[in-house]
Every structure is written in structure tokens, then in C-alpha cells.
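Summary of structural features
Read off the chains here:
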Amino acid sequence: MMGTAGALRLAIDELRITSPYYVLYGDSLLDVPIAEVTSTYREVGLPALMTVYRNEHQWEESNAVFDGRIVTRYEKHRATPPSDMVFVDYGLLILDGQVIDEFVPAGEVADLADVLGRLSSSRRLAGFEATRRFFEIGSPAGLVALEKHLAAKRGRPQ
């Protein structure tokens, strides 16, 4: 196991992926305008961008502080988030190649959450606020919530 950032480093090195590149969480269904996210990444000019959602601990524990432009704090594994941490990472990132080169040595185990936390603490993590709810589909409860949402959109009883 390489960890999420270690696996990303391996894929980048092996496949010679050029930057910037998009990272999408595989257990989430997202409804976000990719062109606007990309435009924001280019405009802000920071090495990384995280999409965030104003969650206020509703769907899962919030883990980010977002000032409207920059994710100023990101702590994924905090048991009790502080009151100003009302955003959650939404599941889509844009990373410049220098991010992985700087934080993840080749062949080492590394967690992407740690990389993002370090970027936020150095104010190098741009943010984009998604306005539509995400659906985590990596658990039975998440799948049920998504099925109810889709049934409601189709006008079927839940």
C-alpha cells in the first residue's frame, strides 16, 4: 500500500502524466461545473485547488476552512472539528506537478490528506465552492441516500 499520495506519485511517474492533473475521489458522485473549477484554478495561480462544499457537519464531519478564495485549513482526520471548520472536501482536486514532487518522495507511502493539510497551512491551496450536494457512495447508507435523491429527481416515490 502506497497511500493515496504515494499511489498518485507512482501513477504520475509510471504513466508520465503531465500537469496540471485532476484527482477525483472514486467513492463520490459530484455535480460541479468542471469548466468553472478549471478557470478558478488558472485565475488563482496556486499549485493546487480543492473543491469544497459548505457542509456544516451535515453529511459528514466538516474538515476545511475556506475564505472564499483559499482553503486556509484542512484537517481530514480530526475527531472534533473546530467551529470555524464548516466546509468539507468535495472530492475533486486540481494539482500541479510540483505538489507531488515537493511532498511525496518516489517509492514512499504518503497520504494525500497530509499533503493537502500542508498546502493549506502554507496558503497554497485554492478553493472552489461547490453549491450542489455531493453523494458519498462508498457505504450502504450513502448508496441509499443517492437512490432516494435520484428517485426524487425522476418524480418517483422514495
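Structure shown above.
Conventions adopted
Residues numbered from 1 in each chain as written. Predicted model: local features only at pLDDT ≥ 70, side-chain atom pairs only at ≥ 80, totals over all residues. Heavy atoms only, no water. Patch = residues over 30% accessible without salt bridge, like charges linked within 9 Å, V, L, I, M, F, W, Y side chains within 5 Å. Areas by Shrake-Rupley, 256 points an atom, 1.4 Å probe, with all protein chains shown as cover. Salt bridge = Lys/Arg side-chain N within 4 Å of Asp/Glu carboxyl O. Helix = DSSP H or I, 4+ residues; strand = E, 2+ residues; numbered from the N terminus. 1 Å grid on protein atoms, 1.4 Å probe; cavity = no way out; pocket = protein on both sides within 12 Å on 5 of 7 lines; lining within 4 Å. Points joined across faces, edges and corners; volume = space filled by probe spheres on them. Phe/Tyr/Trp six-rings, centres within 6.5 Å; stacked < 30°, edge-to-face > 60°. Buried < 20%, exposed > 50% of the residue type's maximum accessible area, 1.4 Å probe, protein only. Polar contact = N/O pair within 3.5 Å; in protein donor to acceptor, adjacent residues only side chain to side chain. Contact = heavy atoms within 4.5 Å.

**Remarks on a nonpolar patch on the surface**
The grouping of Leu29, Ile137 and Leu143 at the surface amounts to a nonpolar patch, some 210 Å² of accessible area in total. Examined against the element boundaries, Leu143 turns out to sit in helix α5 (residues 140–153).

**A few points about the layout of surface pockets**
Of the volumes computed, that of the largest pocket is approximately 160 Å³. In terms of lining, the largest pocket is formed by Thr4, Val23, Leu24, Tyr25, Gly26, Tyr74, Lys76, Asp89, Asp111, Leu112, Ala113 and Leu116. For the lining of the largest pocket, the secondary-structure elements that each account for two or more residues are β1 (21–24) and α4 (112–121).

**Some remarks on the packing of aromatic side chains**
Summed over the entire model, instances satisfying the criterion amount to 4 aromatic pairs. Between Tyr53 and Tyr90, the aromatic rings sit 6.2 Å apart at their centres with planes inclined by 35 degrees, giving tilted as the arrangement. Taken together, the residues span a long stretch of sequence, with Tyr53 in strand β3 (residues 48–54) and Tyr90 in strand β6 (residues 87–95) at a distance of 37 residues. Of the two residues, Tyr53 and Tyr90, neither departs from the other in class, the shared state being buried.

**Quick look at the side chain of Thr51**
In this fold, Thr51 is placed in strand β3. Accessibility expressed as a relative area gives 0% for Thr51, which makes it buried. One polar contact links the side chain of Thr51 to the main-chain carbonyl oxygen of Leu92, over a distance of 2.8 Å. Leaving out residues up to four positions away in the same chain, Thr51 has contacts with Val37, Val88, Asp89, Tyr90, Gly91, Leu92 and Phe128.

**What about the pattern of salt bridges?**
If you walk through the whole model with that rule in mind, you get 9 salt bridges. The residue Arg132 makes a salt bridge to Asp31 at a minimum N-O spacing of 3.3 Å. Separated by 101 residues along the polypeptide, Arg132 in the loop between β7 (125–130) and β8 (135–136) and Asp31 in the loop between β2 (28–29) and α2 (34–44) bring together distant segments of the chain. Judged by relative accessible area, which is 47%, Arg132 ranks as partly exposed. Ionic pairing is found between Glu75 and Arg73, a salt bridge with its closest N-O pair at 3.3 Å. Via salt bridges that share partners, Arg73, Glu75, Arg78 and Asp84 belong to a single interconnected network.

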